Amino acid sequence: MTLDESFRQFLDRFQMPDLTHLDWKSSTDKLRQQFHVASRAIERDAPEMADISHVKVEGAAGTLKARLYTPLGAGLPPGPGIVFFHGGGFMLGDLDSHDMVCKRLAEGARSRVIAIDYRLAPEHTFPAAHEDALAAWNWIITHAEQLGLDPDRLAVSGDSAGGNLSAYLAQEMNRTGGPKPAFQLLLYPLVQFVDIRTKKMSFQEGGFFISANLFEYFRDSYITDESQRMDVRVSPLFAGPDAFKGLPPAHFVLCGWDPLKDEGLAYADKMASFGVPVTVREHAGMVHGFMNMTALSDTVRLAIRDAGHVAGRALGAV
């Protein structure tokens with residue numbers, strides 16, 4: 001398995017913020033600044049949108065910022081849409097860090113994308129992000145028409161920690177009989193917060209943009225009580241049959257150079273074992289978080305567009 005050449009050349013020619021050797025006594029603000037630089041410094045021009053609107057949605061403890069992307073191919077409202085939750089270990093990321101991802105997903109899906117700026121750790125610990133995701137989903141369902149969205153054709157999506165929130169939402173709607181997403185688009189999702197270091201691919205092999213120490217830092221910032229690591233809200237991989245039976249179809253995007261790949265495959269296999277339609281696309285030469293690096297190569301940009309296309313086809317937009 002070979003690392004994608006564009007990433008190899010980038011690592012040889014440019015200096016990324018060293019996320020594998022952080023000063024763990026640094027402030028949260030410094031860590032967030034490093035993530036912002038890493039995610040923004042290598043972006044390029046985005047696809048043209050018909051409209052980008054800043055909206056407010058109701059979270060679990062107040063109003064949350066959100067951004068609604070309407071691509072040129074979206075058609076007349078109400079239409080299908082994707083509710084997107086950004087990654088960043090429940091501690092980093094915002095609407096700006098994933099702006100390019102959302103634009104390219106919207107273009108590929110020919111569907112509106114609404115990105116949610118949920119509360120982050122360590123200021124807001126578990127289950128704040130999950131409660132915000134649930135509240136935002138319910139608010140969007142209720143206000144779908146004014147957003148130009150068809151509540152019966154909404155997908156949930158997110159990368160890494162955002163994939164965790166998406167998986168949780170789908171399971172929670174299953175458990176409670178709430179309004180289910182029509183589709184799940186899970187981008188190299190984090191699906192368990194219990195086992196970190198025992199993996200087939202070590203963080204030394206696959207951790208170009210993620211390390212075991214960083215992963216544990218994220219976990220301990222969000223999960224302050226060790227007993228909560230098995231909570232199925234944050235570790236949906238370990239949920240029972242009632243959470244899996246009847247889940248909406250899912251598409252997984254996984255990376256060959258990602259220590260989280262195996263748990264993503266395990267989650268996909270568990271879904272399939274309960275009869276859930278599942279597809280998996282593995283980008284063998286890519287690393288965790290590669291979708292934030294759209295300027296590196298056409299391969300990255302096309303991977304996001306392809307993921308959007310899969311979701312758009314499932315929602316009847318493509």
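Below you will find a few notes about this structure.

Parameters at a glance
Residues numbered from 1 in each chain as written. Predicted model: local features only at pLDDT ≥ 70, side-chain atom pairs only at ≥ 80, totals over all residues. Heavy atoms only, no water. Helix = DSSP H or I, 4+ residues; strand = E, 2+ residues; numbered from the N terminus. Buried < 20%, exposed > 50% of the residue type's maximum accessible area, 1.4 Å probe, protein only. Contact = heavy atoms within 4.5 Å. Areas by Shrake-Rupley, 256 points an atom, 1.4 Å probe, with all protein chains shown as cover. Salt bridge = Lys/Arg side-chain N within 4 Å of Asp/Glu carboxyl O. Expected span 1.5 Å × (residues − 1). Pairing = 2+ DSSP bridges. Right-handed = clockwise from strand over helix to strand, strands pointing away.

## Considering the overall build of the chain
Okay, step 1: For the chain, the helix and strand inventory stands at 11 helices and eight strands.
Okay, step 2: Residue burial in the chain is summarised as follows: out of 318 residues, 58% are buried.
Okay, step 3: Pairs at least 24 apart in sequence give 78% of the contacts found in the chain among residues at least 6 apart.
Okay, step 4: Taken as a whole, the chain presents about 12,600 Å² of accessible surface, with 48% of it coming from carbon and sulfur.

## Quick word on the pattern of salt bridges
Okay, step 1: The tally for this structure, following the rule as stated, stands at 14 salt bridges.
Okay, step 2: Among the salt bridges present, the one from Arg-67 reaches Asp-96, with a minimum N-O distance of 3.0 Å. You can see Arg-67 sitting in strand S2 (residues 63-71) and its partner Asp-96 sitting in the loop between strand S3 (79-85) and helix H3 (99-109), a full 29 residues away along the chain.
Okay, step 3: Taking the shortest distance from any N to any O, the salt bridge between Arg-305 and Glu-107 comes out at 3.9 Å. Here Arg-305 is found in helix H11 (residues 298-314), whereas its partner Glu-107 is found in helix H3, with 198 residues between them in sequence.
Okay, step 4: Among the charged side chains, a salt-bridge network with shared partners connects Arg-67, Asp-96, Asp-99 and Lys-103.

## Observations concerning helix H4 (residues 128-142)
Since there are 3.6 residues in each turn of an α-helix, residues three or four apart along the chain are aligned in direction.
Okay, step 1: In a regular helix each residue adds 1.5 Å, so 15 residues correspond to 21 Å; H4 covers 21 Å between its end C-alpha atoms and thus fits that length.
Okay, step 2: Turning to H4, its buried residues are Ala-128, Ala-129, His-130, Asp-132, Ala-133, Ala-136, Trp-137, Trp-139, Ile-140 and Ile-141.

## Describing the pairing of strand S6 (residues 183-187)
Okay, step 1: Summarising burial for S6: five of the five residues are buried, a large majority.
Okay, step 2: Where burial is concerned, the two faces of S6 agree: the one with Phe-183, Leu-185 and Leu-187 and the one with Gln-184 and Leu-186 are both buried.
Okay, step 3: The pairing of strand S5 (residues 149-159) with S6 spans five bridges and is parallel. Looking at the pairing, Asp-159 lines up with Leu-187 of S6.
Okay, step 4: A crossover connection joins S5 to the parallel S6 through helix H6 (residues 161-176); in handedness this β-α-β unit is right-handed.
Okay, step 5: Both S6 and strand S7 (residues 250-257) contribute to a ladder of four bridges, which runs parallel.

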